[in-house]
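Descriptive structure summary
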Amino acid sequence: MSKLSGRGQLAAERPRQDRPSTCAGDRTPLCGEANGSVPKSEIRVERVFRSILYSQSWEDPEVDRRALDIGPRDDVFTIAASGDNALAYLLDEPRSLTALDFNFSQCCLLELKMAALEKLSHGELLEFVGVSPSPGRARTYRRIRDALSGPAGEFWDAHPRLIERGVIHVGRFERYFALFRRCSLPWVHSRRTRDELLACRTLDEQRDFYRRRWDGVRWRTLFRLFFDRAVMARLGRDPAMFRYVEDDVASAVRERARHGLTEIPVASNWFLEYILRGAYETPGRRPTWLIEDNHPKLRRLLSRVTIVNDEIERFLPERAEGSFSKFSLSDIFEYMSEAASDRLFGELWRVSRDNAVLSYREMMVGRTRPAALEGKLAEDEDLGAWCHRHDRSFFYGAHHVLTAHKEPAMGHRVRSRSAVPR
Ligand SMILES: C[S@@+](CC[C@H](N)C(=O)[O-])C[C@H]1O[C@@H](n2cnc3c(N)ncnc32)[C@H](O)[C@@H]1O
């Protein structure tokens, strides 16, 4: 495998080297290089993508797993982001998994999590990443350091404070939630009230609690202030991420929070626990990749992962037709113009195998495949709606599930998977 040789700066700042390459089957999987030339992605240039933006996933991987139905013959393509969802898909034992992100630090984060899974016991893993307190994360880092590729090792050597804080807490988005929890939420709900919500055992209890104790004037005001587009753009995301957004962000997010608090059982909602407590205190309420029973299996499958530091817009055109069979695309279309999104759907179809499945979310901007691809990428609206309703991260506006039809002779025009779970 050709390893990425860099000096440890973020990709956007490094001089351009050789073309990105896919490198499979190596223990040190970070590869690809996409800097130096004019990026094809419209948003990659933004500063916000030069440090860790998400240190955890804010998309429920379990709904994507239901939609994608990954198996041993699948070659999965996923946006890397924090890496948590890539690791969750690995549990379904695909033949290969390619995790791509144009943000170099996100790629390094996934590589660090993989090194920790490989080298540490489960208790040590929880301490190292920040789920439990640790007597010294720097010492543990030295133990896993040689499982990292050169560039990722250099990145983490240069960021000891992120290691010390526990890497699941260090993203810009996680720090935004910390600000919300420390500075605003206490004005609305005490720790006791939050604990009472998290202790509800049925949806009826949750709905009753929400109506009587949660959804008051202060809660509504808080939303208007804290999840206002400008505040969110400044503190938690970036103005560029709202370039194509037209709706009232705060009202949309409040309605989605109502759904999350009243329609999704809190007992298994690790997203909600983290937002309200900044920690995973309940062992049954943890992200998939951090569940103890999953650890040995993940360790066994890590060699199937390839991490690529590149833009999807540039990486896909270099792949052969039919390279992938399952795609998890986060909400990347959100940050693109309609023209760029249309182009990308065309490439996705080209690199899809027959019956490939694509799963992606919509936060505030509606994007779907262009009309010209209607018969080639068939939308399963029922399955998408099911994913949307059951997504425990509840911030999204819609979920889309598409199936690629590559063989027109088979009369696939309107066929869809119709695999809506009961
Ligand atoms: C799309 S973001 C969204 C995360 C979360 N759903 C949210 O809305 O806050 C997830 C990851 O996609 C990466 N990303 C966005 N556009 C990309 C592109 N065109 N090519 C490669 N990675 C991209 C970002 O760097 C980020 O780590």
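Placed above this text is the structure.
So, a few notes on the structure that sits alongside this text. Keep in mind that what you see is a predicted model, and the values were worked out from it rather than measured.

Things to note about the overall build of the protein
- Summing up its helical and strand segments, the protein has 18 helices and 8 strands in all.
- Burial status across the protein gives 43% buried among its 422 residues.
- Summarising the internal contacts of the protein: among those between residues at least 6 apart in sequence, 75% fall at separations of at least 24.

Focus: the packing of helix α3 (residues 104–119) against helix α6 (residues 150–157)
- Contact geometry for α3 and α6: axes closest at 9 Å, N-to-C directions at 95 degrees. It follows from the interaxial angle that α3 and α6 lie roughly perpendicular. Residues S105, C108, E111 and L112 of α3 form the contact with α6, whose participating residues are A152, F155 and W156.
- Of the residues in the contact of α3 with α6, the class split is 5 nonpolar, 1 polar and 1 charged.

As for the packing of helix α8 (residues 172–188) against helix α11 (residues 217–226)
- Where α8 contacts α11, the two axes come as close as 8 Å, and the packing angle between them is 150 degrees. Classified by the angle between their axes, α8 and α11 sit roughly antiparallel to one another. Between α8 and α11 the crossing geometry is right-handed. Contacts from F180, S184, W187 and V188 of α8 reach α11 at R218, W219, L222 and F226.
- Its residues assigned to classes, the contact of α8 with α11 comprises 6 nonpolar, 1 polar and 1 charged.

Comments concerning the pairing of strand β2 (residues 75–79)
- Where burial is concerned, most of β2 is hidden: 5 out of the 5 residues are buried.
- Bridge analysis of β2 against strand β3 (residues 96–101) gives 5 bridges, and the strand direction is parallel. The residue of β3 that forms the bridge with V76 is L97.
- Handedness of the crossover is the feature at issue here: the chain leaves β2, passes through helix α2 (residues 84–90), returns alongside β3, and the resulting connection is right-handed.
- Inspection of the sheet shows β2 paired to strand β5 (residues 324–328) by 3 bridges, in the parallel sense.

Things to note about the pairing of β5
- Of all 5 residues making up β5, 5 are buried, and the element is well covered by its neighbours.
- In terms of strand pairing, β5 meets strand β6 (residues 352–362) through 4 bridges, oriented parallel. Bridge pairing links F327 to L358 in β6.
- Chirality of the crossover, the property in question, places the unit of β5, helix α17 (residues 338–351) and β6 among those that are right-handed.

Looking at the environment of D382
- Position of D382 relative to the elements: it lies in helix α18 (residues 381–390).
- Between the C-alpha atom of D382 and that of V401, which follows or precedes it by 19 residues, the distance is 8.9 Å.

Points about the nonpolar core
- Counting 87 residues, the largest nonpolar core has A80, A86 and L112 as the members making the most contacts within it.
- With 10 residues, the single largest contributor to this core is α3.
- Discounting residues that sit within four places of it in the chain, A86 has contacts with T78, A80, L97, A99, L110 and V305.
- Judged by nonpolar contacts, the second largest core, of 6 residues, contains F227, V253, A257 and F394.

The rules we used
- Residues numbered from 1 in each chain as written.
- Predicted model: local features only at pLDDT ≥ 70, side-chain atom pairs only at ≥ 80, totals over all residues.
- Helix = DSSP H or I, 4+ residues; strand = E, 2+ residues; numbered from the N terminus.
- Buried ≥ 20, exposed ≤ 12 C-beta atoms within 10 Å, placed from the backbone.
- Contact = placed C-beta atoms within 7 Å.
- Axes fitted to C-alpha atoms, helices over the stretch in contact; angles between N-to-C directions.
- Parallel < 35°, antiparallel > 145°, perpendicular 65-115°, else oblique.
- Nonpolar A, V, L, I, M, F, W, Y, C, P; charged D, E, K, R; others polar.
- Left-handed = near helix turned anticlockwise from the far one by under 90°.
- Pairing = 2+ DSSP bridges.
- Right-handed = clockwise from strand over helix to strand, strands pointing away.
- Core = buried A, V, L, I, M, F, W, Y, C linked by C-beta atoms within 7 Å.

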